[in-house]
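# Summary of the model geometry
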Amino acid sequence: MTRINFDNFVESYITQTQKQTIFFNKERDYFDLYKVNLLKEINTSRPNKILDFGCGIGLCLRFLVKTFKSSKIYAHDESKKSQAFAKKKYHGVYFLNKNQLEKHKYDIIFISGVFHHVQIEKRKKLISKLNRMLNKNGNIFITEHNPYNPITQKIVSECEYDKDAQLLKRKNLFNLLKSNNFSIKNSGYYLFFPEFFKFFRPVEKYLRWLPLGGQYFIFAKKS
């Protein structure tokens, strides 16, 4: 399978995602803010350093900076063009190349929609690396597409930059984390209601047990 080069999607990334998800919410920011608010809700620590690993063009960085004002926000992406694009917009963020990543220890590593682009045989190695990058009591926060959701499957199958995507079930990510010395602290499904049912959105937090949401999250602690 040919790996996707995200350098080729820097300029078109937002347009493509808006086109695919506009039926769910008109504003693209909804999805990025949702994830950061989830982290804010379930995190009980006062993180000094937060790393946005796989930051892309920085869609979540704006909200991480605003939400965690007392934290130092770091960011990294394998796509050099994506990272350069984000770096021009967020001057208060510490952008790191791959050689600088492990020179720091982070309290939280935030990972949004990255693992379905990682080859299956490389996922365990990546989680082990992320574990080393965390402080002793550090946490990892991961969001991923839910392969049980047919709409999610359709969106991914039609997305140009998801041609190499291999969706992973929540239980598989659980097992990967547990086998790399993480303990699961919180998890659930989200994105249940499109905009025309938005009056139901306040009850989403009570449906996180239901494996029908468009995505899921996992919050795990380094053991």
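What comes next is a walk through the structure. (Residues numbered from 1 in each chain as written. Predicted model: local features only at pLDDT ≥ 70, side-chain atom pairs only at ≥ 80, totals over all residues. Heavy atoms only, no water.)

## Looking at the sheet that holds strand β6 (residues 182-190)
- Taken together, seven strands build an open sheet; the order of strands is β3-β2-β1-β4-β5-β7-β6 and the sheet is mixed. Two strands lie at the open edges of the sheet, namely β3 (94-95) and β6, each paired on one side alone.
- Pairing of strand β1 (residues 49-53) with strand β4 (residues 106-112), which is carried by three bridges, proceeds in the parallel orientation. Across the sheet, residue I50 finds its bridge partner in β4, namely I108. (Pairing = 2+ DSSP bridges. Helix = DSSP H or I, 4+ residues; strand = E, 2+ residues; numbered from the N terminus.)

## Quick word on the pattern of salt bridges
- Tallied over the full model, the rule gives six salt bridges.
- Note that R132 and E102 form a salt bridge whose closest N and O atoms lie 3.4 Å from each other. Linking R132 in helix α5 (residues 123-133) with E102 in the loop between β3 and β4, this pair joins segments that are 30 residues apart in sequence.
- Relative accessible area serves as the criterion here: at 41%, R132 is assigned to the partly exposed category. (Salt bridge = Lys/Arg side-chain N within 4 Å of Asp/Glu carboxyl O. Buried < 20%, exposed > 50% of the residue type's maximum accessible area, 1.4 Å probe, protein only.)

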